[in-house]
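# Coordinate analysis (summary)
The chain contents come next:
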Amino acid sequence: MSSAASPDQVGGQTPTPFKPRIFSGIQPSGGLTLGNYLGALKRFVEKQDEGIETIYCMVDMHAITTWQDPVKLRQQTREGAAAFIAAGIDPKRSILFNQSQVGAHAELGWIFNCVARMGWMSRMTQWKDKTAGKNAEAESLGLFAYPSLMAADILLYHATMVPVGEDQKQHLELCRDIAIKFNHDYKVDFFPVVEPLIEGVATRVMSLRDGTKKMSKSDPSDQSRINLTDDADTIAAKIRKAKTDSLPLPETAAELKDRPEARNLVNIYAALAGHSLDQVIRDFAGAQFGTFKPALADLAVAKLSPITHEMNRLMADPGEIDRILGDGADRADAIARPILDQVYDITGMIRSRPG
Ligand code: AMP
Ligand code: TRP
């Protein structure tokens, strides 16, 4: 099996650390939210700017695990790509592409469907949440196998670090389990054990209407989220109407513990300003929401408006976005294909056609 061992390993015995490489993805199943920006995009840009190799993907194959209108899917994929670039992703320094253009994702996803166990999938809280109160039998097989394709996205590049929001933690643990089981079943040290990067104050931005629920692009209430396409007036109005309690802001961050809505707004402020929670609390200790909310609205508009503006500019030329995604897909494929070829070799598939 040594012919199939990773070039990053010495003698197939003691794995040397894999080259640091970051992979992350966002689903184009709706418009992006402030949660995606703070929990994902903003941190993706920081990682790129630290000089680590970064690969970012609009995961359209994941999006169709629940039915998507084809016209909207295409629009949302371009809009997501525009959001990446507007937020600071440089498509020359990072690889930016959409998943379906690199067939190796689906190919490795299938192999992982044969490695992962049904029981692992049925224990995923996101699967349970998405099927809660519904007939799980009527959901797509793709939705059930979703985490297996996600593991393929990551391991196809031998990525070592994956920046995500808190909600993806369990999926990344499963990705580690798949890598370990594959390595064990085929007696190789081929796939790295991936590290989740869940960092900062905004790993879980909550709904503006309910501080116990995640802010989500799929929430039926548009008032629950700030969309990256919202204009300044809409952002300000949504923050003004955000649910809060009637107390002033406390003197210490610890006192926010049982005040989910207040804590969420303070967290959002801290993440947007690049301040610690303690610093925001010091600055606003004793303030009423009548004072805090306008300050938060001004900050949100100041940070998000340039991004929205740049997204709109980019969206005026969809051909250019498609060109960027195509170029990214070529570069992604050049990394993925040799790794997938080794997987085929390890698993005993005959590959006799040239090229
Ligand atoms: P999704 O929109 O589900 O494709 O998520 C894309 C990325 O954004 C993932 O890394 C998520 O963890 C992150 N994300 C989505 N919603 C939130 C949120 N409300 N707070 C923090 N991160 C989020
Ligand atoms: N499941 C992720 C989400 O909904 C999206 C995703 C798909 C992803 N593939 C990935 C994230 C690979 C990180 C790495 O948020």
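All chains use their own residue numbering, which begins from 1 and follows the written sequence. Just so you know, chain letters begin at A and ligand numbers begin at 1, following the order they were written in. For this predicted model, a pLDDT threshold of at least 70 governs which residues receive local features, and a threshold of 80 or more governs which side-chain atom pairs are given and counted, while totals over whole chains, interfaces and linings are taken from all residues. Excluding hydrogens and water, the side-chain values take into account all heavy atoms of the structure.

### Points about the site of ligand 2
- By convention in these notes, a residue is near a molecule or strand provided one of its non-hydrogen atoms lies within 4 Å of it. Taken together, 13 residues lie near ligand 2, and Q27, Y146, M150, D153 and Q168 sit nearest.
- Between ligand 2 and Q27, the relevant distance is 3.2 Å, taken from an oxygen atom to a side-chain nitrogen or oxygen of the residue.
- We define a polar contact as two N or O atoms separated by no more than 3.5 Å, with the added condition that, inside protein, one atom must be a possible hydrogen donor and the other a possible acceptor, whereas residues neighbouring each other in sequence contribute only through side-chain atom pairs. For ligand 2, a nitrogen atom lies 3.0 Å from a polar atom in the side chain of Q168.
- Isolated, ligand 2 exposes 360 Å² of accessible area, and the fraction of that covered by the protein chains is 91%.
- The secondary structure listing takes helices from DSSP runs of H or I that are at least 4 residues long and strands from runs of E that are at least 2 residues long, numbered from the N terminus. Mapped onto the shell around ligand 2, the elements with two or more residues apiece are strand 3 (21–26) and helix 7 (141–155).
- Residues of the shell around ligand 2, tallied by class, amount to 7 nonpolar, 5 polar and 1 charged. Each accessible area is a Shrake-Rupley estimate made with a 1.4 Å probe; only the visible protein chains count as cover when residues are assessed. Under the grouping applied here, Gly and all other residues not named as nonpolar or charged are polar, the nonpolar ones being Ala, Val, Leu, Ile, Met, Phe, Trp, Tyr, Cys and Pro and the charged ones Asp, Glu, Lys and Arg.

### Observations concerning empty space enclosed by the protein
- Lining residues are defined by having an atom within 4 Å of a point belonging to a cavity or pocket. Those points lie on a 1 Å grid over the protein atoms alone, cavities being sets where a 1.4 Å probe fits but cannot get out and pockets being open sets with protein on both sides within 12 Å along at least five of seven lines. Grid points are joined across faces, edges and corners, and a volume is the space filled by probe spheres set on the points. A complete count under the given rule lists 2 cavities of 30 Å³ or more for this structure.
- Approximately 70 Å³ is the volume attributed to the largest cavity.
- Forming the boundary of the largest cavity are M121, M124, Q126, W127, K130, L143, F144, Y146, P147 and H171.
- Among the elements of the structure, helix 6 (125–131) and helix 7 are those that each provide at least two residues to the lining of the largest cavity.
- Ranked by residues supplied to the lining of the largest cavity, first place goes to helix 7 with 4 residues.
- Split into classes, the residues belonging to the lining of the largest cavity amount to 7 nonpolar, 2 polar and 1 charged.
- Taken together, L34, L208, I226, I239, L265, I268, L272, L296 and A300 form the lining of the second largest cavity.
- At the level of elements, helix 10 (260–273) and helix 12 (289–315) are the ones that each hand at least two residues to the lining of the second largest cavity.

### Details of the pattern of salt bridges
- For salt bridges, the criterion is a side-chain nitrogen of Lys or Arg within 4 Å of an Asp or Glu carboxyl oxygen. In the structure shown here, the tally under the stated rule is 24 salt bridges.
- K42 is the partner of E46 in a salt bridge, and the nearest nitrogen-oxygen pair spans 3.7 Å. Of the two residues, E46 and K42 are both situated in helix 1 (residues 34–49); the distance of 4 residues between them amounts to about one turn of the helix.
- To sort residues, take the accessible area from a 1.4 Å probe on protein chains only and compare it with the maximum for the residue type: under 20% means buried, over 50% means exposed, and anything in between is partly exposed. Taking the relative accessible area as the measure of exposure, E46 reaches 37% and is therefore partly exposed.
- A relative accessible area of 23% places K42 in the partly exposed class.
- Residue D185 pairs with K181 through a salt bridge whose shortest N-O separation is 2.8 Å. Of this pair, D185 and K181 both sit in helix 8 (residues 169–185), 4 residues apart, which is roughly one turn of that helix.
- Take D185: its relative accessible area is 35%, and that puts it in the partly exposed class.
- The class of K181 is partly exposed, set by a relative accessible area of 22%.
- One network of salt bridges, in which partners are shared, links R43, K47, E50 and E199.

### Some details on the site of ligand 1
- Contacts to ligand 1 come from 18 residues, most closely from G165, D167, V205, M215 and K217.
- Within the contact set of ligand 1, an oxygen atom lies 2.9 Å away from a side-chain nitrogen or oxygen of N36.
- One of the backbone nitrogen or oxygen atoms of G165 is found 2.8 Å away from an oxygen atom of ligand 1.
- Alone, ligand 1 offers 480 Å² of accessible surface; in the complex the protein occludes 93% of this.
- Looking at the shell around ligand 1, the elements with two or more residues in it are strand 3 and helix 1.
- Among the elements that take part in the shell around ligand 1, helix 1 stands out by supplying 4 residues, more than any other.
- The residue makeup of the shell around ligand 1, split by class, is 6 nonpolar, 8 polar and 4 charged.

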